[in-house]
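Geometric and topological summary
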Amino acid sequence: MTVNLEVADGVATFSLDRPPMNALDVATQDRLRELAVEVTRRDDVRAVVIWGGEKVFAAGADIKEMREMDHAAMVARSGDLQESFTAVARIPKPVVAAVTGYALGGGCELALCADFRIAAENAKLGQPEILLGLIPGAGGTQRLARLVGPAKAKDLIFTGRQVKADEALAIGLVDRVVPAEEVYDQAHAWAARLARGPAIALRAAKESVDRGLETDLDSGLAIERTWFAGLFATEDREIGMRSFVEEGPGKATFG
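Summarised in this report is the structure supplied together with it.

Rules of the game
Counting restarts for each chain: residues are numbered from 1 in the order of the written sequence. The predicted origin of the model limits local features to residues at a pLDDT of at least 70 and limits the giving and counting of side-chain atom pairs to 80 or more, whereas totals for whole chains, interfaces and linings rest on all residues. The basis for the side-chain values is all heavy atoms of the structure; hydrogens and waters are excluded. Strands here are runs of E lasting at least two residues and helices are runs of H or I lasting at least four, both read from the DSSP assignment and numbered beginning at the N terminus. Our radius of gyration looks at C-alpha atoms and nothing else; its globule reference is 2.2 Å times the residue count to the power 0.38. Each residue is assigned to one of three classes by its accessible area relative to the maximum for its type, calculated with a 1.4 Å probe on protein chains only: buried under 20%, partly exposed between the two thresholds, exposed over 50%. Residue exposure ignores everything except the shown protein chains as possible cover, and the areas themselves are Shrake-Rupley values with a 1.4 Å probe. A positive count includes Lys and Arg, and a negative count includes Asp and Glu. His and the chain ends are not counted in either. In plain terms, the charge of a residue is placed at NZ if it is Lys, CZ if Arg, CG if Asp and CD if Glu. The salt bridge definition used is simple: a Lys or Arg side-chain nitrogen within 4 Å of an Asp or Glu carboxyl oxygen. Put simply, buried Ala, Val, Leu, Ile, Met, Phe, Trp, Tyr and Cys residues joined by side-chain atoms within 4.5 Å make one nonpolar core. Any pair of residues with heavy atoms lying within 4.5 Å of one another is described as a contacting pair. Two strands form a pair only when DSSP identifies at least two bridges running between them. All axes are obtained by fitting lines to C-alpha atoms, using only the stretch in contact for helices, and the reported angles, taken between N-to-C directions, cover 0 to 180 degrees. Crossovers are described as right-handed under a simple rule: with the strands pointing away from the observer, the path leading from the first strand over the helix to the second runs clockwise.

**Side note on the overall build of the chain**
Per the secondary structure count, the chain includes 11 helices and nine strands. What you see for the chain is a C-alpha radius of gyration of 19 Å, in line with the 18 Å of a compact globule of 255 residues. Dimensions of the chain, computed from C-alpha atoms along their principal axes, come out at roughly 60 × 40 × 35 Å. Sorting the 255 residues of the chain into buried and exposed places 44% on the buried side. About 13,200 Å² of surface is accessible on the chain, with carbon and sulfur atoms providing 55% of the total. Across the chain, 30 positive and 38 negative side-chain charges occur, with their mean positions spaced 2 Å apart.

**Considerations on the pattern of salt bridges**
Enumeration according to the criterion identifies 17 salt bridges in this entry. Linking Glu34 and Arg31 is a salt bridge whose minimum nitrogen-to-oxygen distance equals 2.5 Å. Here the residue Glu34 and the residue Arg31 both occupy positions in helix α1 (residues 26-41), the gap between them amounting to three residues, near one helical turn. By relative accessible area, which is 13% here, Arg31 ends up buried. Between Arg42 and Glu38 there is a salt bridge; the shortest N-O distance is 2.9 Å. Note on Arg42: relative accessible area 26%, which makes it partly exposed. Overall, Glu38 belongs to the partly exposed group, its relative accessible area being 29%.

**A short note on the nonpolar core**
General note: in soluble globular proteins, nonpolar side chains tend to be found buried as a group. Judged by nonpolar contacts, the single largest core of 45 residues is most densely connected at Phe14, Val48, Phe57, Leu125 and Leu173. Once residues within four sequence positions are removed from consideration, Leu125 is found in contact with Ala103, Leu104, Cys108, Arg161, Gln162, Val163, Ala168, Leu173 and Val174. Residues Val11, Trp51, Ala98 and Ala120 belong to the second largest nonpolar core, which totals 16 residues.

**Digging into the sheet that holds strand β4 (residues 95-99)**
Neighbouring strands of a sheet are bound in pairs by backbone hydrogen bonds; such pairs are parallel or else antiparallel. Strand order in the open sheet formed by six strands is β1-β2-β3-β4-β6-β9, with mixed pairing between adjacent strands. Of all the strands in the sheet, the pair left with one neighbour each is β1 (3-8) and β9 (176-178). Pairs of neighbouring strands in the sheet enclose a mean axial angle of 20°, with direction left out of account. The pairing of strand β6 (residues 116-120) with β9 spans three bridges and is classified as parallel. Bridging from a neighbouring strand, Ile118 pairs with Arg176 of β9.

**Details of the pairing of strand β3 (residues 47-51)**
Burial analysis of β3 places five of its five residues in the buried class, the great majority of the element. Residues Ala47, Val49 and Trp51 of β3 are buried on one face, and the alternating residues Val48 and Ile50, pointing to the opposite face, are buried as well. Traced from strand β2 (residues 11-16) through α1 to β3, the parallel crossover comes out right-handed.

These figures come from the coordinates and say nothing about function on their own.
Spelled out as structure tokens, the structure:
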């Protein structure tokens, strides 16, 4: 398998396993989509970590494979490419990317599909497709601009330059920078903490933010309002409010 799945204590880990650089070929893209669908359905999975290993997250697409594709082949493939990454982005549970080494091209786009990104001090991120006479094709032009703003996204996409972890943190491309040996542990701890939270409320929060960013303010508020009211029908809401009244804030234990 090009991506392995391990589940423990409510946390699923997607481990990229395509040495030496975890190039994201068609088989890996399809495997990511397959696993995204699986963890979405599994009740024992409440949060997800995406991990490339100790040396590299993912250095990009498989250029040798892509070079063999002509226009017609890529027209046929590009929809599946985007759908694979979108499936990861739409996992209705918290997702964290644990980034070590290179996260370039498709690797950067995969990290963008997470809700939170923890990067190693040695991490380098970027969208170098322009250097191949291309543009990002797995969501980079859209998710990157939404995350860091259009001007910073255009800088990275137009130049194809790589940014080190400190700059990535400064522009909001990653959310935390830690020593390389701590990346996975901190990512797993972030996921494990949320795995103990109220699953439906977390799903509501994620969908409200993500869907709201795709539409106008009034429509986003309607999404929020629908979810907010709907949560009053859940057991987790009853557990959380009862615990607050009886024990104080932050002590509820959710199922």
